[in-house]
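So you can see what is in the structure, the chains are spelled out below.
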Amino acid sequence: MDKILVHGGRRLRGTVKISGSKNSALPILAATLLTREPCTISRVPDLSDIHYMLTILSELGCEVERASGTVQIRAGKILTHAPYEIVRKMRASVCILGPLLGREHDATVSLPGGCVIGDRPIDLHLRGFEALGAVVRVSGGNVKVLADRLRGARISLRSKFGSTVLGTGNVMMAAVLADGVTTIDGAAEEPEVVDLARFLISMGAKIEGAGTRTITIEGVKELHGAEHEVIPDRIEAGTFLVAAAISGDGVTLSRVEPRHLEAVSAPLREAGFEITSHSSSMTLQPGSQRRPLKLDTVPYPGFPTDMQAQMCALLATTDGISVVTEHVFPNRFMHVAELKRMGANIELQNATAVIQGVPRLGGAPVMASDLRASAALVLAGLQADGTTEINRVYHIDRGYESIDEKLNELGASIERVKA
Ligand code: UD1
């Protein structure tokens, strides 16, 4: 297995280009199953999760062609059962259920794997499908959803954690071809849901309210092929902002959507950094003094759970006491034990990390446990004395396009050791 060696102490400076959003691209690629006509999706990042999704689509019978960030897909005649061997590698494979149900009224997928960030049920997705008239069967590790016909319905996707991002997308994809009107209450408001809705609308779907808590979908008879460019990855962008905060002397992100990053920029400003935004770029400059933070992860437009681990890496060396509470995935603190191995002073109290900033971290061998935790370890390594050896880096390749090369272009010293 590949390793990453981060030699700490280098300063970052310059411009980094942000890739297309993984979390937007995955359901959008799945949505191409809704039409027999060809679709062209551009700005698709080159990541292992995307590769899994394209493999699933090929296995289902789609013609898939990929050339430098642009993917052409034609879902002519398709199967409705995704093979376990590929599906198990990625939780987001669950988002083929909605489009297969919508088009074929029949879908079978193995129960999802993916990030190890606590229990990740799909009960809300299934509740949505049932409300549309589907029958759900769970057996032998598979979920099967079947319907004679799908009928529009009023569906609530609220849960004690807020809403569900992929669940909202899944129900939306099933409802676009249902008879009548579907209203989703408690819908996720994330930009990735809006991007998926934009793609579906360009395919001929009738959707209103994406980006708010209530989405209304008027079913249509069929969808047609369309072209779409995926939005910039706000989590990759946020990760580079934190890298710039940790050890930057002025770093600019290009091809970003600053509006999607307000919940990340605001606490970074509060922590003492200067951020200037233009229409599609942002620059972070170090401030005169770093301040600790109180952060709570919540659904969009609040501070994202996908940025929590990276912020912990910054706060680990910020003088004073910071308090970070996870409200979306209460167990998502696997990075804490690894940061402590590097000298961080962090105490976990249920879903809250109390971080007492230390002056410096020291390089150590550490283990990547999930996607964002591994990004946090790279960021910790940038500011550590000596070398940080990060094992199991396949986690980071699931969600960051060439993070080592992009950081090196900014002045970092990161080596990838091939196994
Ligand atoms: C998506 C993102 C992930 C991000 C997460 C929250 C993708 C591919 N992944 O994951 O990076 O961390 O949103 O912003 O887009 N829940 C239920 N029942 C369900 C579904 C979810 O209880 O049926 C709970 C989850 O356990 C969690 C919360 O709802 O506590 C939010 O999860 P959800 O929004 O569904 O996450 P994903 O869409 O899987």
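Read on for an overview of the structure. Model, not experiment: these values are computed from the prediction.

**Some remarks on the site of the ligand**
Piece 1. Lining the immediate surroundings of the ligand are 20 residues, of which Asp 123, Leu 124, Thr 164, Asp 306 and Val 328 lie closest.
Piece 2. A distance of 2.8 Å separates an oxygen atom of the ligand from a polar atom in the backbone of Leu 166.
Piece 3. Between the ligand and Arg 332, the relevant distance is 3.5 Å, taken from an oxygen atom to a side-chain nitrogen or oxygen of the residue.
Piece 4. Look at the ligand: alone it shows 730 Å² of surface, and the protein chains cover 92% of it.
Piece 5. Where the shell around the ligand is concerned, the elements lending two or more residues are helix 5 (123-131) and helix 6 (165-175).
Piece 6. Among the elements that line the shell around the ligand, the one with the most residues is helix 5, at three residues.

**Some thoughts on the side chain of Ser 24**
Piece 1. Looking at where Ser 24 falls in the secondary structure, it is placed in helix 1 (residues 22-31).
Piece 2. Judged by relative accessible area, which is 0%, Ser 24 ranks as buried.
Piece 3. Within the structure, the side chain of Ser 24 is placed 2.7 Å from the side chain of Asp 195, a separation counted as a polar contact.
Piece 4. Excluding anything up to four places from it in sequence, Ser 24 contacts Glu 192, Asp 195, Val 230 and Ile 231.

**Structural notes on the environment of Val 417**
Piece 1. Of note, Val 417 is situated in strand 25 (residues 413-417).
Piece 2. Residue Val 417 is classed as partly exposed on the basis of its relative accessible area of 33%.
Piece 3. Each C-alpha atom of the pair Val 417 and Met 1 lies 8.8 Å from the other, and the pair is 416 residues apart in sequence.

**Topic: the nonpolar core**
Piece 1. Grouped together as the largest cluster of nonpolar side chains are 76 residues, with contacts concentrated most on Leu 29, Ile 96 and Leu 200.
Piece 2. Discounting chain neighbours no more than four positions away, the residues touching Leu 200 are Ala 31, Leu 34, Met 172, Met 173, Val 176, Ala 205 and Ile 207.
Piece 3. Judged by nonpolar contacts, the second largest core, of 68 residues, contains Leu 261, Ala 344, Ile 355 and Ile 403.

**Comments concerning the sheet that holds strand 20 (residues 352-356)**
Piece 1. The mixed open sheet is built from four strands, whose spatial order is 17-18-20-19. Edge positions in the sheet fall to strand 17 (294-297) and strand 19 (345-349), since each of these pairs with one other strand and no more. Mean inter-strand twist for the sheet, computed between neighbouring axes without regard to direction, equals 15 degrees.
Piece 2. Across five bridges, strand 18 (residues 321-326) lies against strand 20 in antiparallel orientation. The residue bridging Ile 321 from the neighbouring strand is Gln 356, located in strand 20.
Piece 3. Set on the sheet, helix 10 (residues 308-315) makes contact with strand 17, strand 18 and strand 20; between it and strand 18 the angle comes to about 170 degrees.

**Description of the pairing of strand 24 (residues 387-391)**
Sheet faces and side chains relate simply in a regular strand, where the side chains alternate between the two faces.
Piece 1. With four bridges connecting them, strand 1 (residues 3-7) and strand 24 associate as antiparallel partners. Each residue of the ladder has a partner; that of Val 6, found in strand 24, is Thr 388.
Piece 2. As paired elements, strand 22 (residues 365-367) and strand 24 share three bridges and run parallel to each other. Bridge pairing in strand 24 links Pro 365 to Glu 389.

About the thresholds
Residues numbered from 1 in each chain as written. Predicted model: local features only at pLDDT ≥ 70, side-chain atom pairs only at ≥ 80, totals over all residues. Heavy atoms only, no water. Near = heavy atom within 4 Å. Polar contact = N/O pair within 3.5 Å; in protein donor to acceptor, adjacent residues only side chain to side chain. Areas by Shrake-Rupley, 256 points an atom, 1.4 Å probe, with all protein chains shown as cover. Helix = DSSP H or I, 4+ residues; strand = E, 2+ residues; numbered from the N terminus. Buried < 20%, exposed > 50% of the residue type's maximum accessible area, 1.4 Å probe, protein only. Contact = heavy atoms within 4.5 Å. Core = buried A, V, L, I, M, F, W, Y, C linked by side-chain atoms within 4.5 Å. Pairing = 2+ DSSP bridges. Axes fitted to C-alpha atoms, helices over the stretch in contact; angles between N-to-C directions.

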